[in-house]
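Observations on the model geometry
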Amino acid sequence: MTGEMVSDEHVMRDMLHRVRECNRIPEHIKETIIDFTIDGVRVGKVTKKVANLLCESSPSDPVFEINKSGDHEVLTLTDTVGSTVDARTNSVMSVMKNLKDEGIITGWRDELYPLATGFYDEPILFVERAAAPFLGMLQYGVHINGLVKTENGEERMWIARRSATKSQYPGMTDQIVAGGQPAGLGLMENVLKECQEEAGIPDVLTLKGIKPAGAVSYEVVRSLGDGIDILTRAILFVYDLQLPSEFQPKVVDGEVEEFFQWGVNDQLAAMAKEFQDPMKPNCYLCVIDYLLRNGHISPEVPGYLELLGELRSGDCN
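In this report, we go over the structure that sits alongside the text. (Residues numbered from 1 in each chain as written. Predicted model: local features only at pLDDT ≥ 70, side-chain atom pairs only at ≥ 80, totals over all residues. Heavy atoms only, no water.)

The next thing to look at is the overall build of the chain. Across its full length, the chain holds nine helices and 13 strands. Whereas a compact globule of 317 residues would reach a radius of gyration of roughly 20 Å, the chain reaches 21 Å, a difference of no more than 12%. Viewed in the frame of its principal axes, the chain has a C-alpha envelope of about 65 × 40 × 35 Å. Taken across its 317 residues, the chain has 53% of its residues classed as buried. Look at the contacts in the chain between residues 6 or more apart in sequence, and 66% of them connect residues 24 or more apart. (Helix = DSSP H or I, 4+ residues; strand = E, 2+ residues; numbered from the N terminus. Rg over C-alpha atoms; globule rule 2.2 N^0.38 Å. Buried < 20%, exposed > 50% of the residue type's maximum accessible area, 1.4 Å probe, protein only. Contact = heavy atoms within 4.5 Å.)

Quick look at the structure:
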């Protein structure tokens, strides 16, 4: 399907559905959300139920408290926590470990994410990756579209199938490489690390073929039961990686079961609501973004501008 554009309104509706799956906060939950602030600056969003849970889960001295800010309530840290990065990190970690021990936080990774007012700002504290949604903090990641040109000029995309043992979205399809952005690594350092660890792509190939392609963002709620609803707020830095036609990605770290290729028709077919082998939800954003950037979706189709805007519905900060 080289050079062709989709002008089908049904496909557009399916793509909007996929994007909205990643931007879904029901109104009854939205009404309960309060800001999480530090030093008067918003750094996260939580439901009132989660705010109360955090306040009640300190091992000794209180770590979190709910205060009034004008007409609104906000979750914040208590004065006893202190103001240094280490003190804040240790205090918040003590609460999150309690919630882990109670079975409320699952999928613990021993991987730290920086909590800051923006991506380029200094960290205020560091948070265990699995606990990040309990603060509704912005999380960042890198998603790589692995691309290869065929002899007839068609550009195909490498797709990974997630391991059946993954704690989230086991067995679903994914980008060839994708990963969270941990503390202590630059974006390109993380790209190189993830390409090597997840698909066996040598640094020399990554550096030769990689190109930044923008970012997508989203906010979605996940219900854990017992009225506990947590917010994932994410910005994904998107990269296009041109790979040689003879290169075959390989399973390295056990997080992937297999790799295979999709042409544009396959990517479009996967958008259907009834598609039997769906992608991990946030991966759809990156594929849709790729299809738009490469002219595979006609701007004549109603919904085009909505789709373009909704790919960045979350904060981009």
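Now that the structure has been shown, we can carry on.
This brings us to helix H3 (residues 48-56). Among all positions in H3, only Val 50, Ala 51, Leu 53 and Leu 54 are buried. Considered in projection along H3, the buried side chains sweep an arc of 160° and stay on one side of the axis. (Arc of directions from axis to C-beta.)

Let us look at the side chain of Arg 162. Tracing the backbone through its elements, the reader meets Arg 162 in strand S8 (residues 155-162). In this structure Arg 162 comes out as buried when scored by relative accessible area, which is 9%. In terms of polar contacts, Arg 162 uses its side chain to reach the side chain of Asp 174, at 2.9 Å. Excluding residues that lie within four positions of it along the chain, Arg 162 makes contacts with Gln 168, Tyr 169, Pro 170, Gly 171, Met 172, Asp 174, Glu 255, Val 256, Glu 257 and Lys 280. (Polar contact = N/O pair within 3.5 Å; in protein donor to acceptor, adjacent residues only side chain to side chain.)

Judged by pairing direction, the sheet is mixed, and its four strands sit side by side in the order S2-S1-S4-S3 without closing on themselves. Since the sheet does not close on itself, it has two edges, and those belong to strand S2 (41-47) and strand S3 (64-69), each with one partner. Shown here is a sheet whose adjacent strand axes are inclined to one another by a mean of 35°, direction ignored. (Pairing = 2+ DSSP bridges. Axes fitted to C-alpha atoms, helices over the stretch in contact; angles between N-to-C directions.)

Further remarks concern the state of the cysteines. Simply put, disulfide is the name for a covalent bond between the sulfur atoms of two cysteines. Counted by the stated rule, this structure contains zero disulfides. Here Cys 286 stays unpaired: no disulfide links it, and the sulfur of Cys 283, its closest cysteine neighbor, is 6.3 Å away. (Disulfide = S-S within 2.5 Å.)

To continue, consider the pattern of salt bridges. Evaluation of the coordinates by the stated rule reveals 21 salt bridges. The salt bridge partner of Glu 219 is Arg 233, with a shortest N-O separation of 3.3 Å. Placement of the pair is Glu 219 in strand S11 (residues 210-225) and Arg 233 in strand S12 (residues 228-242), with a sequence separation of 14 residues. What makes Arg 233 buried here is its relative accessible area of 3%. Beyond isolated ion pairs, a larger network of salt bridges with shared partners links Asp 35, Arg 42, Lys 45, Glu 219, Arg 233 and Asp 315. (Salt bridge = Lys/Arg side-chain N within 4 Å of Asp/Glu carboxyl O.)

So, about the environment of Val 63. Here Val 63 shows up in the loop between H3 and S3. C-alpha separation for the pair Val 63 and Met 93, spaced 30 residues apart in sequence, amounts to 9.9 Å. Here Val 63 is in contact with Ser 58, Thr 76, Leu 77, Thr 78, Val 81, Ser 91, Val 92, Ser 94 and Val 95, once residues within four sequence places are set aside.

Once that is clear, we can look at the layout of surface pockets. Here the second largest pocket defines a volume of roughly 300 Å³. Together, 22 residues line the second largest pocket, and Pro 114, Phe 119, Asp 121, Gln 181 and Pro 182 are the ones closest to its centre. Looking at the lining of the second largest pocket, the elements that each hand over two or more residues are strand S5 (112-115) and strand S7 (138-149). Looking at the lining of the second largest pocket residue by residue, the classes come out as 16 nonpolar, five polar and one charged. (1 Å grid on protein atoms, 1.4 Å probe; cavity = no way out; pocket = protein on both sides within 12 Å on 5 of 7 lines; lining within 4 Å. Points joined across faces, edges and corners; volume = space filled by probe spheres on them. Nonpolar A, V, L, I, M, F, W, Y, C, P; charged D, E, K, R; others polar.)

Moving on, we come to the pairing of S3. Sheet topology places S3 next to strand S4 (residues 72-77); six bridges connect them, and they run antiparallel. Paired with Asn 67 across the bridge in S4 is Val 74. Joining the antiparallel neighbours S3 and S4 is a turn of two residues, in which Gly 70 adopts a positive phi near 65°.

Along its 13 residues, helix H5 (residues 187-199) runs 17 Å from first to last C-alpha, staying within 8% of the 18 Å computed at 1.5 Å per residue. Buried residues in H5 make contact with S7, strand S10 (177-180), helix H6 (203-209), S11, S12 and strand S13 (256-262). Looking one or two places after H5, you find Gly 200, whose phi comes out positive at around 65°. (Expected span 1.5 Å × (residues − 1).)

It is worth spelling out the environment of Leu 135 at this point. By the secondary structure assignment, Leu 135 is in the loop between strand S6 (125-128) and S7. Taking the C-alpha atoms as reference points, Leu 135 and Glu 102, 33 residues apart in sequence, are found 17 Å from one another. Setting aside anything within four residues of it in sequence, one finds Leu 135 in contact with Phe 36, Gly 44, Lys 45, Val 46, Leu 54, Phe 64, Val 92, Met 96, Leu 115 and Val 127.

Turning our eyes to something else, we now look at the packing of aromatic side chains. Throughout the structure, instances matching the rule amount to seven aromatic pairs. Centre to centre, the rings of Phe 119 and Tyr 120 are 4.9 Å apart; their planes meet at 90°, and the pair counts as edge-to-face. Relative to Phe 237, the ring of Phe 119 has its centre 5.0 Å away and its plane inclined at 50°; by these criteria the two rings are tilted. With a gap of 118 residues between them, Phe 119 in the loop between S5 and S6 and Phe 237 in strand S12 connect regions that are remote in the sequence. Taking relative accessible area as the criterion, Phe 119 reaches 23% and is therefore assigned partly exposed. Under the relative-accessibility criterion, Phe 237 is labelled buried at 14%. (Phe/Tyr/Trp six-rings, centres within 6.5 Å; stacked < 30°, edge-to-face > 60°.)

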